[in-house]
Every structure is written in structure tokens, then in C-alpha cells.
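# Report on the structure
This is what each chain is made of:
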Amino acid sequence: MKGIALNTVYGRLKALLEQEALPGDQGLLVWRMPTHLAISRRLGCSREMVTRLIVDLEHGGYVRTGDGHIALRKALPAKW
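Below is a short write-up of the structure. Just so it is clear, the model here is predicted, and its values are computed rather than measured.

Before going further, it helps to examine the pairing of strand 4 (residues 69-72). On strand 4, burial covers both faces: His69 and Ala71 on one face and Ile70 and Leu72 on the other are all buried. Note that strand 2 (residues 27-30) and strand 4 share 3 bridges and pair antiparallel. When the bridges of strand 4 are listed, Leu28 appears paired with Leu72. Sheet topology note: the strand 3 (residues 63-66)/strand 4 ladder contains 4 bridges and is antiparallel. Paired with Gly66 across the bridge in strand 4 is His69. Between strand 3 and strand 4, which pair antiparallel one after the other, the connecting turn spans 2 residues, and Asp67 there sits at a positive phi close to 55°.

Here it is in C-alpha cells:
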């Protein structure tokens, strides 16, 4: 609860991705990425907000999604 109250949605998403990422063939990967709805429930926000943030991170070249996983292509920025 403390994390929800003190962090922005992006900060919570960043922490989740960094916590779940494991080394893979193409850098850090989050295997079996949960649905945006499951992530939103975990972060305490809307599914639309999670989708918007992930799409923005993809456009910025920070992540790549596909095949049920998400690849962290470079270090996520501190703030978004």
C-alpha cells in the first residue's frame, strides 16, 4: 500500500518490470508477461494507463513486446 500511495503509476510499473526481468538472449526479459488488466490491478490503476505507458515506452525504444514477453532494450528512465 505504501508503494501505491507514494509512487506514480509509471514508477510502480518501472519497479515491477525491473523486479520481474531476467537475463535472456536479447537482454533483460519479463517472461510470461501478465495481461495489462492483471498489471493494472497489481499497480492500482486502470488498464488503459498501463497500455498507454507500455506503448509510450515502446515508441521511446525502451521496451519491445511480443510472444508473451517484454524485453527491456535499455535502462528505463527515472521519470516518464
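Back to the text.
Another point: the packing of aromatic side chains. Taken as a whole, this structure holds 0 aromatic pairs when the rule is applied. The cationic tip of Lys74 hangs over the ring face of Tyr62; the distance from NZ or CZ to the ring centre is 4.7 Å.

Before going further, it helps to spend a moment on the environment of Asp67. Tracing the backbone shows Asp67 in the loop between strand 3 and strand 4. Here Asp67 falls in the exposed class, since its relative accessible area comes to 79%. Residues Asp67 and Trp31, spaced 36 residues apart in sequence, show a C-alpha to C-alpha distance of 9.2 Å.

On to helix 4 (residues 47-59), then. The first and last C-alpha atoms of helix 4 sit 18 Å apart over 13 residues, in line with the 18 Å expected at 1.5 Å per residue. Within helix 4, burial applies to Val50, Leu53, Ile54 and Leu57. When helix 4 is viewed along its axis, its buried side chains cluster within an angular range of 95° and face the same direction. Of the surrounding secondary structure, the elements contacted by the buried residues of helix 4 are helix 2 (9-20), helix 3 (36-43), strand 3 and strand 4.

This part is about the nonpolar core. In terms of nonpolar packing, the biggest core is built from 20 residues, with Leu13, Leu17 and Leu76 touching the most fellow members. Going through the elements one at a time, helix 2, helix 3, helix 4 and strand 4 are the ones with two or more residues in this core. Of all the elements, helix 2 adds the most residues to this core, at 5 residues. In this structure Leu13 touches Ile39, Leu43, Leu53, Ile54 and Leu57, once residues within four positions along its chain are discounted.

Parameters and conventions
- Residues numbered from 1 in each chain as written.
- Predicted model: local features only at pLDDT ≥ 70, side-chain atom pairs only at ≥ 80, totals over all residues.
- Heavy atoms only, no water.
- Buried < 20%, exposed > 50% of the residue type's maximum accessible area, 1.4 Å probe, protein only.
- Helix = DSSP H or I, 4+ residues; strand = E, 2+ residues; numbered from the N terminus.
- Pairing = 2+ DSSP bridges.
- Phe/Tyr/Trp six-rings, centres within 6.5 Å; stacked < 30°, edge-to-face > 60°.
- Lys NZ or Arg CZ within 6 Å of the ring centre and 35° of its normal.
- Expected span 1.5 Å × (residues − 1).
- Arc of directions from axis to C-beta.
- Contact = heavy atoms within 4.5 Å.
- Core = buried A, V, L, I, M, F, W, Y, C linked by side-chain atoms within 4.5 Å.

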